[in-house]
Each structure stands twice: as C-alpha cells, then as structure tokens.
Amino acid sequence: MIKVVFFAALREQLQCSELSLPTDNIKTINDVKNQLINKGEQWQSALANTSLLAAVNHDMVDSNTAVKSGDEVAFFPPVTGG
Amino acid sequence: MSKINPTATSNEVSIQQQDFSLADEVALLEQDNAIDGAVVTFTGRVRNQNNGNHVTGLTLEHYPGMTEKTIIAIIATAKERWNIGRVKVIHRIGQLNIGEQIVFVGVTSKHRQDAFAANEFIMDFLKVKAPFWKKERVVTRTDSSNSTHETKINTKTDTKIETEQWLDAKDSDNNKAQTWS
C-alpha cells in the first residue's frame, strides 16, 4: 500500500486528508495521480491544477519519481509560510 | 582551522503553536558563546492587510515531519556556505491574530557579514520550500441599499463580511530565493 496525504486548499477541495492506495499498476507519482483522478469529477478537477507540488517520504519530487509500497506520497499547493 | 562537515540538527528547529520570547531566544544563542561577536535575528509578524484586504488573523497549516526536514536541510546548506555559529528557527502553526509573531530566525557568527547573509538565506528558502500554508481571515465591506415600499425610507447599511481564503504563493518570493544561486 501507498499512503497518500493532502494539504491546505487541496485537502479542502478533495474533502480528504489521507488515504491508502494498493500498489498495483503504480510505479511513479504520475501513476498515483492518475489513480486518484479516476475517483471522480471532484478529484479530476482538483488534481488538474498544474501548480500542485508532490513529495515522497518528506522530499519534494517531480512527477516521474518512482514510488513503492510503504512510501508516503503528498500532494499540496505552493507553500506560503514565513 | 577549517570546518568539517557542518550539519544541522532538530534542536535548531521548532514548530510550535505557542508564542516565543525574542529575549529568551537571543539569550540562548549567546549563552556560553564567547566566540561569536554577531547575533542577527529576524522576526515575522501577522500584518493587518494583504493585497488591499483588511486581515483580521490567519491560520497556519503545515506538513509535520517534512517541515522540520526541509528547514534542517536549509540550515545545513547555510552552514556550508557561511562561517556561522549557532542557528535557531521557530515557526508557529495554528490560529494567529494580528501583530502576533509567526516566525523567528536567529544566527550567530564571529563577524556580522556571515550572520546577516545566512539569516536572510534561511528565511528566503523557508518561504519557498518549507511546507506551510496560510489561510487568512479577511473582512470585506459591502454597501447595500435597502428600501421598503411601505415607509419609502432608504437605509444604507455598511455590512462587514468575514471570509477565509488561502494565500497564493508569490512570484516575488521565488525570485528572491533564486538570487542566491
């Protein structure tokens, strides 16, 4: 399984802060995103935002990065702290 | 004497709800530290306006674990780049009101140039790399004129509406961070 977490505006749009996905057919961040998009219109429109960032195990990554079972994948909007 | 593999530790980063004392933090940076002649501190506070909106407060969300890891990496890079002594970064989370402190960066060094530069570097990269998100409470005023047929009196009311909105990331912050490369 892969744990997927969402933050800030994206978390609110999806009305979901975390979920688990089976690793079947998932090799990269892009595959994770595509599986989520299949969950419905709300997911499709929220994840269509091209400015979204992704992280694997607390490191920022790009969409071609490999993921494996046990990883924690995160999607979130550009950061606004400080 | 050359520096050997400078590292940053979790002791140098604190993500917390509670407020912090600038005096206490400076005292900790200076305590038993006779080698450093410079102490540079930055404190960020909640402003009462943003993009023309009247802000009444904000809520800060973060990604626990990744936030700390990101800031520790930024501090480690600063230590490679400048000859600095002690570093402390504090970032608050949760609900904050106008004027409250949000963020603290403190850096010591033998001479001022290193501490000035490293402090600004850490703050610039914290803003564009550390996973925090601000949600502002803003007040918008709407002028609405209500008339009633029976009395033929127009009453103009100044209605204040408080809404919450996520902040958009600023290009200027990204551009500022890029000036260090």
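Because the structure is predicted, anything quoted here is derived from the model rather than measured.

## So, the sheet that holds strand β3 (residues 53-56) of chain A
All names here are of chain A. Across the sheet, five strands lie side by side as β2-β1-β5-β3-β4; this open sheet has mixed pairing. Every interior strand has two partners, whereas the edge strands, β2 (18-21) and β4 (59-61), have only one. Taking each pair of neighbouring strands and ignoring which way they run, the sheet shows an average axis angle of 30°. In this sheet, strand β5 (residues 72-76) lies alongside β3 in antiparallel orientation, the contact comprising four bridges. From the neighbouring strand, V56 faces β5, where its bridge partner is V73.

## Side note on the packing of helix α2 (residues 66-81) of chain B against helix α3 (residues 112-129) of chain B
Residue and element names in this part refer to chain B. At their nearest, the axes of α2 and α3 sit 10 Å apart, and the two run at 150° to each other. For the element pair α2 / α3, the angle class is roughly antiparallel. Seen along the crossing, α2 lies across α3 with a hand that is right-handed. Contacts between α2 and α3 pair T70, I71, I74, I75, T77, A78 and R81 from the former with A118, F121, I122, F125, L126 and K129 from the latter. Split into classes, the residues belonging to the contact of α2 with α3 amount to nine nonpolar, two polar and two charged.

Definitions and cut-offs
Residues numbered from 1 in each chain as written. Chains lettered and ligands numbered in written order. Predicted model: local features only at pLDDT ≥ 70, side-chain atom pairs only at ≥ 80, totals over all residues. Heavy atoms only, no water. Pairing = 2+ DSSP bridges. Helix = DSSP H or I, 4+ residues; strand = E, 2+ residues; numbered from the N terminus. Axes fitted to C-alpha atoms, helices over the stretch in contact; angles between N-to-C directions. Parallel < 35°, antiparallel > 145°, perpendicular 65-115°, else oblique. Left-handed = near helix turned anticlockwise from the far one by under 90°. Contact = heavy atoms within 4.5 Å. Nonpolar A, V, L, I, M, F, W, Y, C, P; charged D, E, K, R; others polar.

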